Amino acid sequence: MSLVVMKFGGSSVGDAERMKRVATRIVERKREGNRCVVVVSAMGDTTDDLIDLSRQIAGSTPPAREMDMLLTTGEQMSVALLAMAIRELGEEAMSFTGWQAGIRTEAVHGKARIQEIRPDRLLKALEEDQIVVVAGFQGLTEDGEITTLGRGGSDTTAVAVAAAIQADLCEIYTDVDGVYSTDPRIVKVARKLKEISYDEMLELANLGAAVLHPRAVECAKHNKVNLVVRSSFTHNEGTTVKEEAIMEQGIVVSGIAYDKNIARISILGVPERTGQLAAVFSALAKEKIDVDIIVQSGIVESQAEFSFSLSGTDVERALQVIENLRPVVGFRSVTSETGLVKVSIVGAGMVSTPGVAAKMFETISELGISINMVSTSEIKTSCVISGERLHDVIQALHTAYGLDTDSTVFVGGPSDRR
Ligand code: ADP
Ligand code: ASP
Ligand code: MG
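Everything in this summary refers to the structure shown in the same document.

## As for the site of ligand 1
The environment of ligand 1 is made up of 17 residues, and the closest members are Thr174, Asp175, Tyr180, Asp183 and Arg185. Within the side chain of aspartate 175, an N or O atom sits 2.9 Å from an oxygen atom of ligand 1. Residue alanine 210 places a main-chain N or O atom 3.5 Å away from an oxygen atom belonging to ligand 1. Calculation on ligand 1 without its partners gives an accessible area of 580 Å², and the protein chains cover 84% of this total. Classifying every residue of the shell around ligand 1 gives 7 nonpolar, 6 polar and 4 charged.

## Focus: the pattern of salt bridges
This model, assessed by the stated rule, comprises 26 salt bridges. Taking the shortest distance from any N to any O, the salt bridge between glutamate 92 and arginine 87 comes out at 3.6 Å. Glutamate 92 sits in the partly exposed class, given a relative accessible area of 40%. The class of arginine 87 is partly exposed, set by a relative accessible area of 45%. For lysine 221, the salt bridge is made with aspartate 199, and the minimal N-O distance between the two is 3.0 Å. Here lysine 221, found in helix 7 (residues 214-223), pairs with aspartate 199, found in helix 6 (residues 198-206); they are 22 residues apart in sequence, far enough to count as distant.

## Description of a nonpolar patch on the surface
On the surface, a cluster of nonpolar side chains totalling about 280 Å² of accessible area is made up of Met77, Leu81 and Met84. Along the chain, leucine 81 falls in helix 3 (residues 64-88).

## Side note on the sheet that holds strand 11 (residues 227-231)
Strands sit in the order 3-6-2-1-9-11-12-10 across an open sheet of 8 strands; the sheet is mixed. Two strands bound the open sheet, and with one partner strand each, they are strand 3 (93-96) and strand 10 (195-197). For this sheet the average axis-to-axis angle between neighbouring strands, irrespective of direction, equals 20 degrees. In terms of strand pairing, strand 3 meets strand 6 (residues 131-135) through 4 bridges, oriented parallel. Within strand 6, the position partnered with phenylalanine 96 by the bridge is valine 134. Of the strands in this sheet, strand 1 (3-8), strand 2 (35-40), strand 6, strand 9 (169-174) and strand 11 touch helix 1 (residues 16-31), which is tilted by about 170 degrees from strand 1.

## Some points on the packing of aromatic side chains
Per the stated rule, a full pass over the model turns up 2 aromatic pairs. Taken together, a centroid distance of 4.6 Å and an interplanar angle of 15 degrees make the contact between phenylalanine 8 and tyrosine 173 stacked. You can see phenylalanine 8 sitting in strand 1 and its partner tyrosine 173 sitting in strand 9, a full 165 residues away along the chain. Judged on exposure class, the residue phenylalanine 8 and its partner tyrosine 173 are both buried. Taken together, a centroid distance of 5.3 Å and an interplanar angle of 80 degrees make the contact between phenylalanine 281 and phenylalanine 308 edge-to-face. Residue phenylalanine 281 is found in helix 8 (residues 276-286), and its partner phenylalanine 308 is found in strand 15 (residues 303-311); the two are separated by 27 residues along the sequence. The burial state of phenylalanine 281 is the same as that of phenylalanine 308; both residues are buried.

## Quick notes on the site of ligand 2
As a matter of local geometry, ligand 2 sits amid Ser41, Ala42, Thr47, Glu75, Phe137, Arg151, Gly152, Gly153 and Ser154. The side chain of serine 41 places a nitrogen or oxygen atom 3.3 Å from an oxygen atom of ligand 2. At a separation of 3.0 Å, an oxygen atom of ligand 2 approaches a polar backbone atom of serine 154. The fraction of the free accessible surface of ligand 2 (260 Å²) that becomes covered by protein chains is 87%.

## Observations regarding helix 2 (residues 46-58)
Between its first and last C-alpha, helix 2 extends 18 Å over 13 residues, near the 18 Å set by a 1.5 Å rise per residue. Those residues of helix 2 that fall on the buried side of the exposure criterion are Thr46, Thr47, Leu50, Ile51 and Ser54. Seen from one end, helix 2 has its buried residues packed into an arc of 135 degrees, which puts them on one side. Check the buried side of helix 2 and you find it contacts helix 3.

What counts and what doesn't
Residues numbered from 1 in each chain as written. Chains lettered and ligands numbered in written order. Predicted model: local features only at pLDDT ≥ 70, side-chain atom pairs only at ≥ 80, totals over all residues. Heavy atoms only, no water. Near = heavy atom within 4 Å. Polar contact = N/O pair within 3.5 Å; in protein donor to acceptor, adjacent residues only side chain to side chain. Areas by Shrake-Rupley, 256 points an atom, 1.4 Å probe, with all protein chains shown as cover. Nonpolar A, V, L, I, M, F, W, Y, C, P; charged D, E, K, R; others polar. Salt bridge = Lys/Arg side-chain N within 4 Å of Asp/Glu carboxyl O. Buried < 20%, exposed > 50% of the residue type's maximum accessible area, 1.4 Å probe, protein only. Helix = DSSP H or I, 4+ residues; strand = E, 2+ residues; numbered from the N terminus. Patch = residues over 30% accessible without salt bridge, like charges linked within 9 Å, V, L, I, M, F, W, Y side chains within 5 Å. Pairing = 2+ DSSP bridges. Axes fitted to C-alpha atoms, helices over the stretch in contact; angles between N-to-C directions. Contact = heavy atoms within 4.5 Å. Phe/Tyr/Trp six-rings, centres within 6.5 Å; stacked < 30°, edge-to-face > 60°. Expected span 1.5 Å × (residues − 1). Arc of directions from axis to C-beta.

The values reported here are purely geometric and, on their own, carry no functional implication.
Listed below in structure tokens is the structure:
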């Protein structure tokens, strides 16, 4: 008998009919002889709708504590309904909120990290042959405050619960049937990956691939959780995320990710002085503003220029922080640009294959698009570009790296694979 954690995302439980279908799927798994813990997200667009509602009442900066109180109701609704749907099919089921499930988080509203899970109640219910249904995306602080884990965080709940109860398998059921070489909604000929390594998946998730929450992948890697992404709607084989995945012959880039909500800020005419970069980026960090790619241009007439990319959501706050530094840093002016995107290629084979990044730059420039910023690591290259032709860029890169399902995978030495 295996212990399986099954996680269902919002679109999989979008309405009563889908909820019933998911219940059937769970009961099927139970009747195969498994013990099942189910983690579920809020139905359909519930979380977005609740955010809209809060904006109508409290504008763009609602109190973070109340926001978590509001958003967690979405998942609470789902667990109760799903437990009812399972019981309708003749199996015992019991729903739990995050705090009932013993999920402890740090005291940060909106994007708390799970610190500990005390799964006693879950284990007791499993002993009683119940199907256990846990609300995703939420937890409780040491002081009894309700928190959320950040958008898409139900994946993380599932993996963390799987680690805590030492489940044999954690299955992420979603609206696509696995992890693809890129978002299959953008590239119709995207290739489904049979396997992907934790490291590559972590890069893809961090770089914007919504199919898995980055912290879920981090937690799976750390705890060696057996993780599979598969479809809620079909029985197709999914994608296994594991320590070391077999690479298809000749495939150097295994995936392409994008992040649509990118902005750039440039600080011009910064007087040459030690500690200037530190002053700017410490002040941003203090306000918990994540900065991504940082570029410092050469010094001309004792003045430097700093540019950095960040999430479009944080631009206004970042500009305010920088403006407050004007008397200290003494820069000439600040400019900003929104509506940018970050496109990234990821592949464990990149490190040993020359010319992979060059091919990315060539492909983008052949489309007549200029590249604003670049960053690289051993297994990824990212370019920040204007957002207008994102789909064309992703498609062109997908073809250029031989990832289209109808293309022949190139084989041979590194020079052939450039
Ligand atoms: P859920 O509600 O089940 O959590 P999400 O919307 O969070 O589902 O994630 C699934 C979506 O991720 C897919 O519908 C797809 O558009 C998107 N996606 C982005 N990149 C990829 C990728 N490389 N492979 C598969 N899906 C991807
Ligand atoms: N309901 C939350 C969200 O929409 C959490 C999740 O779906 O994973 O972000
Ligand atoms: Mg998701």
